[in-house]
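# Coordinate analysis (summary)
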Amino acid sequence: MLSISKLQINKRQNEMPGKITLTMIKPLAVKKGYIGDILSIIIKSGFKIRAMKYLKLSIDQAKAFYKIHEDKPFYNNLVEFMSSGPIVAATLEKENAIEEYRKLIGATNPEKSEINTIRNLFGTSLEKNAVHGSDSDENAEIESDFFFSKLERY
Ligand code: ADP
Ligand code: MG
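Residues numbered from 1 in each chain as written. Chains lettered and ligands numbered in written order. Predicted model: local features only at pLDDT ≥ 70, side-chain atom pairs only at ≥ 80, totals over all residues. Heavy atoms only, no water.

## Side note on the packing of aromatic side chains
Taken as a whole and judged by the stated rule, the model has 7 aromatic pairs. With a centroid separation of 5.4 Å and 80° between ring planes, the pair formed by Phe47 and Tyr101 is classed as edge-to-face. Taken as a pair, Phe47 in the loop between helix 3 (35-44) and strand 2 (48-55) and Tyr101 in helix 6 (residues 97-105) lie far apart in primary sequence, 54 residues in all. Each of the two residues, Phe47 as well as Tyr101, counts as buried. Both rings, one in Phe147 and one in Phe148, keep their centres 6.1 Å apart while their planes meet at 45°; by these two values the pair is tilted. Taking the relative accessible area as the measure of exposure, Phe148 reaches 4% and is therefore buried. (Phe/Tyr/Trp six-rings, centres within 6.5 Å; stacked < 30°, edge-to-face > 60°. Helix = DSSP H or I, 4+ residues; strand = E, 2+ residues; numbered from the N terminus. Buried < 20%, exposed > 50% of the residue type's maximum accessible area, 1.4 Å probe, protein only.)

## Details of helix 6
Where helix 6 is concerned, the buried positions are Ala97, Ile98, Tyr101, Leu104 and Ile105. Looking straight down helix 6, one finds that the buried residues subtend no more than 130° of arc, so they occupy a single side. Following helix 6 by one or two positions, Gly106 has its phi on the positive side, about 85°. (Arc of directions from axis to C-beta.)

Here it is as structure tokens:
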């Protein structure tokens, strides 16, 4: 049996930067019944689910999550939309996770996204674009910590 300290070391080694990304299935995609289809694509594309939650963000939680965009003109609408209904948040693992996941979801605007990407298949508009994906290793860690404690990440 491993001692606690060895388990902690193993856990940290599993969380090397570059291997994880944080996704959210956004409220409208949840409402339209796309959770299963989106998760199926994610898993078939080789991502492992390290943590997952179904929850509704409060306005303040959505504000905090999107704080990096607080000066953008779309911030208030985005915060309102992201707290308008339940979402699925998940930490995903794959080699080169950030780049691989952004390739899988496609461009921010579903109308401009590549065919068969998640946003192309399930997005409704630039704002309601079905899913979030982290933009850097550092933000993947920050965003995963936002939703999940260490004990909730496997
Ligand atoms: P991404 O999600 O592709 O990383 P950004 O980080 O630039 O894109 O923006 C965060 C989210 O804000 C987008 O996913 C989208 O929901 C929304 N958004 C971005 N740009 C706009 C815009 N011009 N108008 C409305 N909503 C936007
Ligand atoms: Mg972004």
